Amino acid sequence: MRLLMPLVGLLMLAATAQPVCAQETLTLEEAVRIGLTRSPSLRQAEAVELQEGAGELDRWDRLFPSLTFSTGLNQSEVLQRTASDPITGGIIQLPDSLIRLRETFGTQGVLSASWTLFDGGESIQGLRQSRAEGRAAGLALHAARTRVAATVTLAYLDALEAAALETALQAEVVRAQGLEATAVGRFDVGEVPEVDALQARLATSDAELSLMEAETASFAARLNLFQHLRLPADSPVELEEPGTVPGLEDLSLEELRQVALTESRELAALQARVQAAERGHDAQRWWFLPSVSVGGQWIRSEFGQTREAITFAPRNEQAYYRLNFSWNPMERLGGTLADGRRARAAVSLAEAELDIQRATVASGVEAALDRMARAQVLEERSEVNLQLAARQLEQAEERYRLGLAPLTERLTAEALAADAQRQAIVARYAGLRGLAELEMASGVPFLPWSTGGP
């Protein structure tokens, strides 16, 4: 038993330490799902939608009749110690034999109902306004969800691209250091002039500086992604490469443009805001019309000098019915005219916001489509450029090794190969980046992981 306890302790220690050393992996779909779950802007949009929905319920409440019921028990006691003198008219004190305590008891139940039949259309238009505002809030919520997904997608691609550039620059540093060692060795034996060794050292220094900048950019990109996901900055998370998006290759850029502009949730939300403002203006236009309401009241009561009047079955009944017609055009004339002016201004403001956002969405869509068109060209040419740059680098290395070419030719080939590698890395994520920017501009989800909710 004493030998078993240390073994159990070691096993528990190993089980505890294993998750800390293990490196987790994160896919783009998982990152978007986490971002949608933890986004404060998305929670804000959800709260706005709940508020607008509550406004519609409040408007519905004004269309239905109101019904109230009240009941009560009454008891009164009157102790008479003085009386009025019938001769002199003065107040006299009664003797103890004439002092009286009078008590009364009562039971009452009242049922009241009232209903506004017509109020100039204010309730109907108010309901339509609240419904349009709720629809606008719902569309804005969908657009906010798409924007959050696009933001996380762009941050994820930035982190992948920065990491890939860092890896490529690490390889460039290794090649530059090898070239420097070769140049210095050849200079030591007198095969090349000193300038070759100096140029090789300068190339190594430039590659190392570029690598330091790439490491800083990679760390900043990961930090930006983890901020969107609400993860610690030092999370040991490995990002997986995103897969291809099926079905999107069948859509042309013109089809994507039509979908983005016609189904834009950003523009649909603003159009609903315009409709809500118009309904509010319509409600103010008919302020001068009278209001008509009907109502009724039914009362059951019982009164008496004894406690028998307190009963669940009162015998007296009263019924009242009313029809009210009210018209007060001069009651608040200045304020009503001011409300109408504010309603017209709200319509103009909503229309202006729609026009501004329509231009903004159109420019954003065009920029995203231009990036996607360039991405197709980059993807087609990147492989050819990589093969050509690799072939030129091989030839330059061989010529320099044989002493048939100067070091500058080798350095030029190295620079061309590095540029081709960077272009290939950019082309690798340019298509997804263009789609994410298209989502950001239009609020329309194109990527499959952007359609899910938190």
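**Student:** Would you take a moment to explain the overall build of the chain for this structure?
**Tutor:** Along the chain, the regular secondary structure elements total nine helices and eight strands. Here the chain has a C-alpha radius of gyration of 41 Å; the compact-globule value for 454 residues is 22 Å, and the former is much larger. Dimensions of the chain along its principal axes, counting C-alpha atoms only, are 150 × 80 × 45 Å. With 454 residues in all, the chain has 33% of them scored as buried. Within the chain, residue pairs in contact and separated by at least 24 positions form 82% of the contacts whose partners lie at least 6 positions apart. Entry remark: accessible area of the chain is about 27,600 Å², with carbon and sulfur atoms responsible for 57%.

**Student:** Before we go on, may I ask you to explain a nonpolar patch on the surface in this structure?
**Tutor:** A contiguous nonpolar patch, built from Trp-286, Trp-287, Phe-288, Phe-325, Trp-327, Leu-333 and Leu-337 and spanning about 750 Å² of accessible area, is present on the exposed surface. Relative to the helices and strands, Phe-325 resides in strand E8 (residues 316–326). The exposure class assigned to Phe-325 is exposed, which follows from its relative accessible area of 60%.

**Student:** Could you clarify how one ought to interpret the nonpolar core in this entry?
**Tutor:** Nonpolar side chains in soluble globular proteins tend to be buried together. Judged by nonpolar contacts, the single largest core of 50 residues is most densely connected at Tyr-156, Leu-225, Leu-239 and Leu-438. For this core, the element with the most residues is helix H4 (residues 122–188), which contributes 13 residues. When residues no more than four places from it in sequence are discounted, the contact partners of Leu-438 are Leu-256, Ala-260, Val-365, Ala-368, Leu-369, Gly-443 and Phe-446.

**Student:** Can you walk me through the packing of H4 against helix H7 (residues 265–285) in this structure?
**Tutor:** The geometry of a pair of packed helices is captured by two quantities: the angle between their axes and the separation between those axes. The interhelical angle for the contact between H4 and H7, taken along N-to-C directions, is 165°, at an axis separation of 8 Å. It follows from the interaxial angle that H4 and H7 lie roughly antiparallel. For the pair H4 and H7, the crossing hand works out as left-handed. In terms of residue class, the contact of H4 with H7 is made up of 11 nonpolar, six polar and 10 charged.

**Student:** Mind showing me how you'd approach helix H9 (residues 407–442) here?
**Tutor:** Because each turn of an α-helix spans 3.6 residues, side chains separated by three or four positions end up pointing in the same direction. The terminal C-alpha atoms of H9 lie 51 Å apart, and with 36 residues this matches the ideal 52 Å at 1.5 Å per residue to within 8%. Of all the bends found along H9, the most pronounced is centred on Ala-430 and spans about 45°.

**Student:** What is the right way to read the sheet that holds strand E5 (residues 100–118) from this model?
**Tutor:** Pairing in this open sheet of four strands is antiparallel, and the strands run E2-E5-E7-E8 from one edge to the other. Each edge of the sheet is formed by a strand with only one pairing partner; in this case those strands are strand E2 (66–80) and E8. The sheet shows a mean angle of 20° between the axes of neighbouring strands, direction not considered. One ladder, built from 11 bridges, connects strand E7 (residues 291–304) with E8; its direction is antiparallel. Paired with Ile-299 across the bridge in E8 is Gln-318.

**Student:** Before we go on, may I ask you to explain the pattern of salt bridges in this structure?
**Tutor:** Note that side chains of opposite charge can pair when their charged atoms are close. Within this structure, the stated rule accounts for 16 salt bridges. In this structure, Glu-161 and Arg-433 form a salt bridge, with 2.9 Å as the shortest nitrogen-oxygen distance. Highlighted residues: Glu-161 in helix H4 and Arg-433 in helix H9, separated in sequence by 272 residues. Among the residues examined, Arg-433 registers a relative accessible area of 10% and is labelled buried. Between Arg-201 and Glu-180 there is a salt bridge, and its shortest N-O distance comes to 3.9 Å. With Arg-201 in helix H5 (residues 194–229) and Glu-180 in helix H4, this pair connects stretches of sequence that are 21 residues apart.

**Student:** Help me understand unusual backbone geometry, please; the structure alone is not making it clear to me.
**Tutor:** Both trends apply: most residues other than glycine have a negative phi, and most peptide bonds are in trans. With a phi close to 55°, Arg-230 is a non-glycine residue in the positive phi region. Take Arg-230: it is sitting in the loop between H5 and strand E6 (237–239).

**Student:** Explain the side chain of Asp-282 to me, please; I cannot follow it from the model alone.
**Tutor:** For Asp-282, the position within the fold is in helix H7. Classification of Asp-282 by relative accessible area gives buried; the value is 16%. A polar side-chain atom of Asp-282 sits 3.1 Å from a polar atom in the side chain of Arg-279.

**Student:** Honestly, the environment of Gly-296 in this entry has me stumped. Any pointers?
**Tutor:** Looking at where Gly-296 falls in the secondary structure, it is placed in strand E7. According to the relative accessible area criterion, Gly-296 is buried, its value standing at 17%. Along the sequence, Gly-296 and Trp-449 sit 153 residues apart, while their C-alpha atoms lie 58 Å from each other. For Gly-296, the contacting residues outside a window of four places in its chain are Leu-111, Ser-112, Ala-113, Tyr-320, Tyr-321 and Arg-322.

What counts and how
- Residues numbered from 1 in each chain as written.
- Predicted model: local features only at pLDDT ≥ 70, side-chain atom pairs only at ≥ 80, totals over all residues.
- Heavy atoms only, no water.
- Helix = DSSP H or I, 4+ residues; strand = E, 2+ residues; numbered from the N terminus.
- Rg over C-alpha atoms; globule rule 2.2 N^0.38 Å.
- Buried < 20%, exposed > 50% of the residue type's maximum accessible area, 1.4 Å probe, protein only.
- Contact = heavy atoms within 4.5 Å.
- Areas by Shrake-Rupley, 256 points an atom, 1.4 Å probe, with all protein chains shown as cover.
- Patch = residues over 30% accessible without salt bridge, like charges linked within 9 Å, V, L, I, M, F, W, Y side chains within 5 Å.
- Salt bridge = Lys/Arg side-chain N within 4 Å of Asp/Glu carboxyl O.
- Core = buried A, V, L, I, M, F, W, Y, C linked by side-chain atoms within 4.5 Å.
- Axes fitted to C-alpha atoms, helices over the stretch in contact; angles between N-to-C directions.
- Parallel < 35°, antiparallel > 145°, perpendicular 65-115°, else oblique.
- Left-handed = near helix turned anticlockwise from the far one by under 90°.
- Nonpolar A, V, L, I, M, F, W, Y, C, P; charged D, E, K, R; others polar.
- Expected span 1.5 Å × (residues − 1).
- Bend = angle between axes of the 7 residues up to and from the residue.
- Pairing = 2+ DSSP bridges.
- Polar contact = N/O pair within 3.5 Å; in protein donor to acceptor, adjacent residues only side chain to side chain.

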